[in-house]
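Listed here are the chains, written in short residue letters.
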Amino acid sequence: GMQSHLQALLSLYKLFCPEQVTITLPGKMKTYFRNSEGPWKAAITAVRQRNQRTSPLSQAVFLGACQPQSRKRKWNAQFVIPASSTNTNNLEEVREKSHVYLFSTNESFPVEQLQTFPQLLQNIHSLEFPSQMGSVLTNPLLLHYMNCVKDESIYLRLYYWMGQMLQEECTWCVADNQYEEEFKSFLETVYKAECFLQEGFSACEEFLYKTLPLWDGSCCRSEILSLVSWIPLSSFSDIKSYLYDPLAQLFFTSSVYFKCSVLESLKELLQNWLNCNVIQVDLEFSS
(Lines give C-alpha, C1' and ligand atoms only; values in the text may rest on other atoms or scores of the structure.)
Protein backbone atom coordinates (compact mmCIF):
# COMPACT_ATOMS: atom_id res chain seq x y z
CA GLY A 1 0.00 0.00 0.00
CA MET A 2 0.88 3.67 -0.16
CA GLN A 3 2.87 4.32 2.99
CA SER A 4 3.55 7.87 4.13
CA HIS A 5 7.33 7.75 3.75
CA LEU A 6 7.00 6.30 0.25
CA GLN A 7 4.57 9.05 -0.68
CA ALA A 8 7.07 11.62 0.54
CA LEU A 9 9.81 10.03 -1.58
CA LEU A 10 7.56 9.88 -4.64
CA SER A 11 6.61 13.52 -4.15
CA LEU A 12 10.30 14.41 -4.18
CA TYR A 13 10.74 12.47 -7.45
CA LYS A 14 7.68 14.21 -8.88
CA LEU A 15 9.19 17.57 -7.99
CA PHE A 16 12.21 17.05 -10.28
CA CYS A 17 10.75 14.65 -12.88
CA PRO A 18 6.96 15.07 -12.88
CA GLU A 19 6.60 13.10 -16.11
CA GLN A 20 8.04 9.99 -14.42
CA VAL A 21 5.46 9.84 -11.60
CA THR A 22 1.97 9.44 -13.04
CA ILE A 23 0.04 8.58 -9.87
CA THR A 24 -1.88 11.19 -7.89
CA LEU A 25 -0.29 12.12 -4.57
CA PRO A 26 -2.01 13.91 -1.67
CA GLY A 27 -1.41 17.64 -1.45
CA LYS A 28 -0.60 17.59 2.26
CA MET A 29 1.64 15.01 3.87
CA LYS A 30 4.14 14.74 6.67
CA THR A 31 7.49 16.34 5.90
CA TYR A 32 10.26 13.74 5.93
CA PHE A 33 13.04 15.61 4.13
CA ARG A 34 13.86 18.35 6.55
CA ASN A 35 16.90 19.44 8.50
CA SER A 36 15.97 18.90 12.14
CA GLU A 37 19.48 19.73 13.35
CA GLY A 38 19.25 23.44 12.48
CA PRO A 39 18.90 24.80 16.04
CA TRP A 40 21.63 22.43 17.33
CA LYS A 41 24.06 23.42 14.59
CA ALA A 42 23.38 27.11 15.20
CA ALA A 43 23.96 26.70 18.93
CA ILE A 44 27.21 24.74 18.37
CA THR A 45 28.44 27.39 15.91
CA ALA A 46 27.68 30.15 18.41
CA VAL A 47 29.65 28.36 21.15
CA ARG A 48 32.61 27.79 18.81
CA GLN A 49 32.69 31.42 17.76
CA ARG A 50 32.48 32.58 21.37
CA ASN A 51 35.34 30.31 22.42
CA GLN A 52 37.53 31.27 19.47
CA ARG A 53 37.19 35.04 19.70
CA THR A 54 40.60 35.27 21.37
CA SER A 55 42.20 33.56 18.40
CA PRO A 56 41.09 35.07 15.07
CA LEU A 57 43.57 32.93 13.15
CA SER A 58 42.15 29.65 14.43
CA GLN A 59 38.63 30.84 13.63
CA ALA A 60 39.65 31.71 10.07
CA VAL A 61 41.24 28.28 9.61
CA PHE A 62 38.13 26.57 10.98
CA LEU A 63 35.80 28.49 8.66
CA GLY A 64 38.04 27.94 5.66
CA ALA A 65 38.44 31.66 4.88
CA CYS A 66 39.65 34.73 6.69
CA GLN A 67 36.62 36.77 5.59
CA PRO A 68 33.41 34.73 5.60
CA GLN A 69 30.75 35.64 3.04
CA SER A 70 28.25 38.23 4.20
CA ARG A 71 24.79 36.99 5.22
CA LYS A 72 23.25 39.91 3.32
CA ARG A 73 24.46 38.52 0.03
CA LYS A 74 22.73 35.21 0.65
CA TRP A 75 19.36 36.81 1.38
CA ASN A 76 19.45 39.26 -1.51
CA ALA A 77 20.42 36.54 -3.94
CA GLN A 78 17.24 34.60 -3.23
CA PHE A 79 15.03 37.01 -5.20
CA VAL A 80 17.19 37.76 -8.24
CA ILE A 81 15.88 35.98 -11.32
CA PRO A 82 18.66 33.71 -12.59
CA ALA A 83 18.95 32.16 -16.00
CA SER A 84 16.50 29.42 -16.90
CA SER A 85 17.29 25.96 -15.65
CA THR A 86 17.49 24.72 -19.26
CA ASN A 87 21.05 24.05 -20.35
CA THR A 88 21.24 26.12 -23.55
CA ASN A 89 24.54 24.56 -24.62
CA ASN A 90 23.09 21.06 -24.57
CA LEU A 91 19.98 22.33 -26.34
CA GLU A 92 22.05 23.75 -29.21
CA GLU A 93 23.95 20.48 -29.55
CA VAL A 94 20.72 18.53 -29.80
CA ARG A 95 19.38 20.92 -32.44
CA GLU A 96 22.51 20.50 -34.54
CA LYS A 97 22.27 16.71 -34.39
CA SER A 98 18.53 16.49 -35.11
CA HIS A 99 16.83 18.10 -38.12
CA VAL A 100 13.52 17.92 -36.30
CA TYR A 101 14.47 20.78 -34.01
CA LEU A 102 15.46 23.00 -36.93
CA PHE A 103 11.80 23.50 -37.84
CA SER A 104 10.43 23.47 -34.30
CA THR A 105 8.73 26.62 -33.01
CA ASN A 106 8.34 25.44 -29.41
CA GLU A 107 11.47 27.13 -28.13
CA SER A 108 11.55 28.06 -24.47
CA PHE A 109 11.47 31.78 -23.71
CA PRO A 110 14.21 32.84 -21.23
CA VAL A 111 12.44 33.97 -18.09
CA GLU A 112 15.12 36.54 -17.30
CA GLN A 113 14.09 38.40 -20.49
CA LEU A 114 10.44 38.63 -19.41
CA GLN A 115 9.79 42.34 -18.84
CA THR A 116 6.25 43.22 -19.95
CA PHE A 117 2.77 41.75 -19.77
CA PRO A 118 2.44 41.46 -23.61
CA GLN A 119 5.61 39.35 -23.56
CA LEU A 120 3.95 37.08 -21.02
CA LEU A 121 0.87 36.67 -23.21
CA GLN A 122 2.92 35.93 -26.33
CA ASN A 123 5.20 33.38 -24.64
CA ILE A 124 2.93 31.91 -21.96
CA HIS A 125 3.23 28.40 -23.43
CA SER A 126 7.01 28.47 -23.75
CA LEU A 127 8.09 29.86 -20.38
CA GLU A 128 10.23 27.93 -17.97
CA PHE A 129 10.47 28.84 -14.30
CA PRO A 130 13.88 29.84 -12.90
CA SER A 131 15.98 27.41 -10.93
CA GLN A 132 15.59 29.61 -7.82
CA MET A 133 11.89 29.64 -6.96
CA GLY A 134 12.36 32.48 -4.50
CA SER A 135 12.64 34.94 -7.39
CA VAL A 136 9.00 34.20 -8.30
CA LEU A 137 7.72 35.93 -5.15
CA THR A 138 8.88 39.38 -6.24
CA ASN A 139 7.96 39.10 -9.93
CA PRO A 140 4.32 40.02 -10.72
CA LEU A 141 4.54 38.54 -14.22
CA LEU A 142 5.59 35.12 -12.91
CA LEU A 143 2.87 35.31 -10.25
CA HIS A 144 0.37 35.97 -13.06
CA TYR A 145 1.77 32.93 -14.82
CA MET A 146 1.28 30.82 -11.69
CA ASN A 147 -2.37 31.87 -11.61
CA CYS A 148 -2.91 30.99 -15.28
CA VAL A 149 -0.94 27.75 -15.49
CA LYS A 150 -1.90 25.37 -12.68
CA ASP A 151 1.24 23.27 -12.74
CA GLU A 152 1.62 21.01 -9.70
CA SER A 153 5.42 20.89 -10.02
CA ILE A 154 5.62 24.70 -9.67
CA TYR A 155 3.71 24.68 -6.39
CA LEU A 156 5.70 21.70 -5.12
CA ARG A 157 9.02 23.40 -5.82
CA LEU A 158 7.82 26.58 -4.10
CA TYR A 159 6.43 24.51 -1.21
CA TYR A 160 9.74 22.74 -0.49
CA TRP A 161 11.86 25.87 -0.92
CA MET A 162 9.65 28.12 1.20
CA GLY A 163 9.21 25.49 3.92
CA GLN A 164 12.97 25.10 4.23
CA MET A 165 13.55 28.87 4.32
CA LEU A 166 10.89 29.47 6.97
CA GLN A 167 12.20 26.66 9.15
CA GLU A 168 15.88 27.59 8.96
CA GLU A 169 15.49 31.37 9.30
CA CYS A 170 12.78 31.59 11.97
CA THR A 171 14.21 33.92 14.62
CA TRP A 172 12.52 32.28 17.61
CA CYS A 173 13.32 28.68 16.57
CA VAL A 174 17.02 29.07 15.71
CA ALA A 175 19.48 29.76 18.50
CA ASP A 176 21.21 33.16 18.48
CA ASN A 177 19.61 34.32 15.25
CA GLN A 178 20.51 38.01 14.87
CA TYR A 179 18.73 38.62 11.57
CA GLU A 180 15.21 39.50 12.67
CA GLU A 181 14.92 42.42 10.23
CA GLU A 182 15.85 40.22 7.29
CA PHE A 183 13.37 37.58 8.40
CA LYS A 184 10.71 40.29 8.68
CA SER A 185 11.44 41.40 5.14
CA PHE A 186 11.14 37.81 3.92
CA LEU A 187 7.77 37.36 5.65
CA GLU A 188 6.53 40.62 4.14
CA THR A 189 7.53 39.40 0.68
CA VAL A 190 5.66 36.15 1.20
CA TYR A 191 2.57 38.03 2.44
CA LYS A 192 2.55 40.36 -0.58
CA ALA A 193 2.73 37.34 -2.89
CA GLU A 194 -0.23 35.77 -1.07
CA CYS A 195 -2.24 38.98 -1.47
CA PHE A 196 -1.38 39.03 -5.17
CA LEU A 197 -2.44 35.40 -5.68
CA GLN A 198 -5.43 35.80 -3.32
CA GLU A 199 -4.55 32.52 -1.61
CA GLY A 200 -2.19 31.35 1.10
CA PHE A 201 0.81 29.07 0.64
CA SER A 202 0.60 25.63 2.23
CA ALA A 203 4.19 25.99 3.43
CA CYS A 204 3.18 29.12 5.39
CA GLU A 205 0.22 27.30 6.90
CA GLU A 206 2.45 24.46 8.15
CA PHE A 207 5.04 26.95 9.42
CA LEU A 208 2.42 28.87 11.43
CA TYR A 209 0.89 25.74 12.92
CA LYS A 210 4.33 24.50 14.02
CA THR A 211 5.75 27.74 15.37
CA LEU A 212 2.75 29.58 16.88
CA PRO A 213 2.99 27.51 20.12
CA LEU A 214 6.63 28.72 20.44
CA TRP A 215 5.96 32.34 19.46
CA ASP A 216 6.24 35.07 22.10
CA GLY A 217 3.75 37.38 20.37
CA SER A 218 6.35 40.13 19.97
CA CYS A 219 8.90 39.05 17.36
CA CYS A 220 7.67 39.86 13.82
CA ARG A 221 4.18 40.43 15.22
CA SER A 222 2.60 42.31 12.32
CA GLU A 223 4.13 39.96 9.73
CA ILE A 224 3.00 36.79 11.52
CA LEU A 225 -0.55 38.08 12.04
CA SER A 226 -0.67 39.09 8.37
CA LEU A 227 0.21 35.53 7.34
CA VAL A 228 -2.47 34.22 9.71
CA SER A 229 -5.10 36.07 7.67
CA TRP A 230 -4.38 33.84 4.66
CA ILE A 231 -4.65 30.42 6.31
CA PRO A 232 -6.99 28.34 4.12
CA LEU A 233 -10.31 27.13 5.47
CA SER A 234 -10.11 23.68 7.13
CA SER A 235 -11.85 21.70 9.84
CA PHE A 236 -12.74 23.49 13.07
CA SER A 237 -10.81 20.99 15.20
CA ASP A 238 -7.58 21.68 13.31
CA ILE A 239 -8.02 25.45 13.42
CA LYS A 240 -8.88 25.40 17.11
CA SER A 241 -5.90 23.30 18.20
CA TYR A 242 -3.29 24.76 15.83
CA LEU A 243 -4.41 28.39 15.56
CA TYR A 244 -6.92 29.52 18.17
CA ASP A 245 -5.42 27.82 21.22
CA PRO A 246 -1.86 29.24 20.78
CA LEU A 247 -3.26 32.70 20.04
CA ALA A 248 -5.60 32.51 23.03
CA GLN A 249 -2.70 31.93 25.43
CA LEU A 250 -1.03 35.10 24.15
CA PHE A 251 -4.30 37.01 23.87
CA PHE A 252 -5.19 36.82 27.56
CA THR A 253 -1.69 37.75 28.76
CA SER A 254 -0.83 40.57 26.34
CA SER A 255 -1.55 44.25 25.92
CA VAL A 256 -4.67 45.83 24.47
CA TYR A 257 -2.76 46.62 21.27
CA PHE A 258 -1.91 42.95 20.75
CA LYS A 259 -5.54 41.96 21.40
CA CYS A 260 -6.74 44.43 18.78
CA SER A 261 -4.11 43.18 16.31
CA VAL A 262 -5.25 39.58 16.75
CA LEU A 263 -8.92 40.53 16.30
CA GLU A 264 -8.05 42.50 13.15
CA SER A 265 -6.12 39.54 11.74
CA LEU A 266 -8.99 37.13 12.45
CA LYS A 267 -11.44 39.58 10.83
CA GLU A 268 -9.28 39.61 7.66
CA LEU A 269 -9.09 35.82 7.83
CA LEU A 270 -12.90 35.60 7.85
CA GLN A 271 -13.14 38.06 4.94
CA ASN A 272 -10.69 35.98 2.89
CA TRP A 273 -12.67 32.83 3.62
CA LEU A 274 -15.91 34.52 2.52
CA ASN A 275 -14.34 35.87 -0.67
CA CYS A 276 -12.91 32.46 -1.59
CA ASN A 277 -16.25 30.81 -0.85
CA VAL A 278 -18.13 33.32 -3.04
CA ILE A 279 -15.72 32.71 -5.92
CA GLN A 280 -16.14 28.94 -5.55
CA VAL A 281 -19.96 29.25 -5.53
CA ASP A 282 -19.85 31.45 -8.64
CA LEU A 283 -17.67 28.92 -10.47
CA GLU A 284 -19.99 26.05 -9.57
CA PHE A 285 -23.05 28.07 -10.61
CA SER A 286 -21.53 29.04 -13.96
CA SER A 287 -20.49 25.46 -14.69
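Calculation rules
Residue positions within a chain follow its written sequence, with the count starting from 1. Reporting in this predicted model follows two pLDDT cut-offs: at least 70 for local features of residues, and 80 or more for side-chain atom pairs to be given and counted; totals over whole chains, interfaces and linings ignore these cut-offs and use all residues. Side-chain figures throughout are based on the complete set of non-hydrogen atoms in the structure, without hydrogens or water. Numbering goes from the N terminus for both helices and strands, where a helix is a DSSP run of H or I of at least four residues and a strand is a run of E of at least two. What makes two residues a contact is simply this: any of their non-hydrogen atoms within 4.5 Å. Here the Shrake-Rupley method, with its probe set to 1.4 Å, supplies the accessible areas, and only the displayed protein chains count as covering residues. Only protein chains enter the accessibility calculation, which uses a 1.4 Å probe; a residue is then buried when its area is under 20% of its type maximum, exposed when over 50%, and partly exposed in between. Only one rule defines a salt bridge in this text: a Lys or Arg side-chain nitrogen within 4 Å of an Asp or Glu carboxyl oxygen. The quantity called pLDDT is the predictor's confidence in a given residue, expressed from 0 to 100.

Asks: Tell me what's going on with the overall build of the protein chain, and back it up with residues and numbers.
Replies: For the protein chain, the helix and strand inventory stands at 13 helices and zero strands. Residue pairs at least 24 apart in sequence account for 66% of intrachain contacts in the protein chain once pairs closer than 6 positions are excluded. When the accessible surface of the protein chain is split by element, carbon and sulfur atoms take 57% of a total near 18100 Å².

Asks: An account of the environment of Leu243 is requested, with residue identities and associated values reported.
Replies: Note that Leu243 resides in helix α12 (residues 236-251). Its relative accessible area of 0% is what places Leu243 among the buried residues. A sequence separation of 33 residues divides Leu243 from Lys210, and the C-alpha atoms of the two residues are 9.7 Å apart. With residues up to four places along the chain from it excluded, the contact list for Leu243 reads Tyr209, Leu212, Val228, Ile231, Asp238 and Leu269.

Asks: Break down unusual backbone geometry for me, with residues and values.
Replies: One non-glycine residue with positive phi stands out, namely Gln198, at about 60°. Looking at the element boundaries, Gln198 is found in the loop between α9 (180-197) and α10 (202-211).

Asks: Which residues make up helix α11 (residues 221-228), and what values go with them?
Replies: Within α11, six of the eight residues are buried, which leaves it mostly tucked inside the rest of the structure. Among the residues making up α11, those that are buried are Glu223, Ile224, Leu225, Ser226, Leu227 and Val228.

Asks: How would you explain the pattern of salt bridges if you had to name every residue and give the values?
Replies: Where charged atoms from two side chains of opposite charge come close, those side chains can pair. Taken as a whole and assessed by the stated rule, the structure comprises five salt bridges. The salt bridge partner of Glu181 is Lys184, with a shortest N-O separation of 3.9 Å. Here Lys184 and Glu181 lie together in helix α9, a separation of three residues that amounts to about one turn. You can call Lys184 partly exposed: its relative accessible area is 22%.

Asks: Go over the confidence of the model for the protein chain with me, naming the residues and quoting the values.
Replies: Looking at the protein chain, pLDDT values average 76 and 74% of them are 70 or higher. For the protein chain, per-element mean pLDDT is lowest for helix α3 (residues 56-63), which scores 36, and highest for α11, which scores 94. Predicted confidence for residues 54-78 stays below pLDDT 50, and this span has 24 contacts to residues more than four positions away or in other chains. The low-confidence segment residues 80-105, where pLDDT is below 50, has 31 contacts with residues more than four positions distant or belonging to other chains.

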